[in-house]
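Results of the structural survey
Chain by chain, the residues:
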Amino acid sequence: MADAEMNRIWAAETWKRMEEKLHRSLLKNGDKILYTIDKNGDGEDRYTERPSCWINGFWPGILWQLYQGTGDGGRKALYAEHAKRMEKMLDKALFETEEGFEGLHHDVGFMWVPTSAASYRLTKDPASRRRALVAANYLASRWNPDGGFLTAWNSKEKEGWSIIDTMMNLSLLYWASEETGYERFARIADLHAEKTMNNAVRPDGSVIHILHYDVRTGEALESFGGQGYGVGSSWSRGQAWAIYGFMVSYLGTGRQEYLDTAKRVAHYFLANAAQSGYVPHVDFRSPEEPVLYDSTAGAIAASGMLMLAEAVPELEKGLYRNGALLMLKALEKECCDFSEDTDLILSKGAEAYRYRAQKYIVYGDYYYLEALGRLCGRGIFSTGSDGSGR
Ligand code: GLY
């Protein structure tokens, strides 16, 4: 059997194993939105309680992926019902709590693309469309016209801060332009991506997590290590957001330099991930001890590289496709837990280097499932998180 067919079968079987476990987790947890499982720490599973928490979109987003990929009609209805209820729970962050807009941030794409944009794409629910458009307007309002960037987080002191994660949220703006016909959303996304490409991606393909710009001139003043090891380091999830995020902007604009940037970061990522058996360390430039992994970075980068493989000419595809497969298979061997002991699957995730903790984190499962879906044609693009509108 040809390698491509063997890999497709492997991906379909692994996707199915994930469906079975995640289905059990849904039955056990009902409408609780899963976040992390700290198996080796206090042993407590955590659910998101703060409505504006950036992670709130991933568990309902997993349900939309399962909805799209499962062959079982009863399950489909169950996934849609729970995903829609959870989407409604996020209204608290948009409209109903005291923290309201004050609690929101640059990560609204992570919250409303896998929920509302996916729901609208799959069920044409007009309430979902409205929520995603409200979130897109909120994100657009973070545009600094003098500095030329979207502001991260909220505080007067951080008004000039911009972070690599925002590249992922641009899919909400490309979606809004496609949906409304107004070019201004996509234009903001394009300008932000250009600024990030020129300032946050180093010549070797490594990426800065946090940049502080002058709010009046847009000059880059200083950088911070953020969730990575420190200034000048290379937080692996940030690298993964960049691969995927520049692909989102390539698909949203057709600009070749975004594709080239995604390729450069992918080459850097693969070279570094190879040093630790394709399960990436939390930071590619950190001391040898402690050894800390971030499986979520591997899953995100793999999904981004599969998008890359689709976009490049035939003879270039192998590098990105095989690179993604090396990571997905290493993650399956070293991190995937299909037992009934836990609700989530991918272990060895890290929220940030400074916590020194290894956890199961819901966005690891979300992007792992998405990457498998890309390989075997299940649930593919179900969340619209690639911004391609397909
Ligand atoms: N806020 C995105 C991340 O932690 O990766």
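Before any of the text, the structure's been laid out above.
The sections below set out a description of the structure shown in this document. The shown structure was predicted, so the numbers you read here are calculated from the model rather than taken from an experiment.

**As for the pairing of strand 1 (residues 34–37)**
Across three bridges, the pairing between strand 1 and strand 2 (residues 45–47) is antiparallel. Of the residues in strand 2, the one forming a bridge with Ile37 is Asp45. Here strand 1 pairs with strand 8 (residues 360–361) via two bridges, running antiparallel. Within the sheet, the bridge partner assigned to Thr36 lies in strand 8 and is Ile361.

**Quick look at helix 13 (residues 362–376)**
Taking 1.5 Å of rise per residue, 15 residues should cover 21 Å, and helix 13 covers 21 Å from first to last C-alpha, within 8% of that figure. For helix 13, the buried fraction is high: 15 of the 15 residues fall into the buried class. One or two steps after helix 13, the chain reaches Gly377, where phi turns positive at roughly 75°.

**Side note on the site of the ligand**
Taken together, Trp54, Asp107, Asp165, Gln227, Trp235, Arg237 and Trp241 make up the full set of residues near the ligand. Asp107 places a polar side-chain atom, nitrogen or oxygen, 3.1 Å from a nitrogen atom of the ligand. Here Trp241 contributes a side-chain N or O atom positioned 2.9 Å from an oxygen atom of the ligand. More than half of the atoms belonging to the ligand lie within 2 Å of the grid points that define the largest pocket. Here the residues of the shell around the ligand are counted per class, giving three nonpolar, one polar and three charged.

**Overview of the sheet that holds strand 2**
Sheet architecture is open: three strands sit in the order 2-1-8, paired in antiparallel fashion. The sheet terminates laterally at strand 2 and strand 8, the two strands that pair on one side only.

**Regarding the pairing of strand 6 (residues 210–213)**
The side chains of a regular strand alternate between the sheet's two faces. Residue alternation in strand 6 divides its side chains into two sets, Ile210 and His212 and Leu211 and Tyr213, and both sets are buried. Connecting strand 6 to the antiparallel partner strand 7 (residues 220–224) that follows it, the hairpin turn spans six residues, and Gly218 within it adopts a positive phi of roughly 80°.

How each quantity is defined
Residues numbered from 1 in each chain as written. Predicted model: local features only at pLDDT ≥ 70, side-chain atom pairs only at ≥ 80, totals over all residues. Heavy atoms only, no water. Pairing = 2+ DSSP bridges. Helix = DSSP H or I, 4+ residues; strand = E, 2+ residues; numbered from the N terminus. Expected span 1.5 Å × (residues − 1). Buried < 20%, exposed > 50% of the residue type's maximum accessible area, 1.4 Å probe, protein only. Near = heavy atom within 4 Å. Polar contact = N/O pair within 3.5 Å; in protein donor to acceptor, adjacent residues only side chain to side chain. 1 Å grid on protein atoms, 1.4 Å probe; cavity = no way out; pocket = protein on both sides within 12 Å on 5 of 7 lines; lining within 4 Å. Sits in = over half its atoms within 2 Å of the grid points. Nonpolar A, V, L, I, M, F, W, Y, C, P; charged D, E, K, R; others polar.

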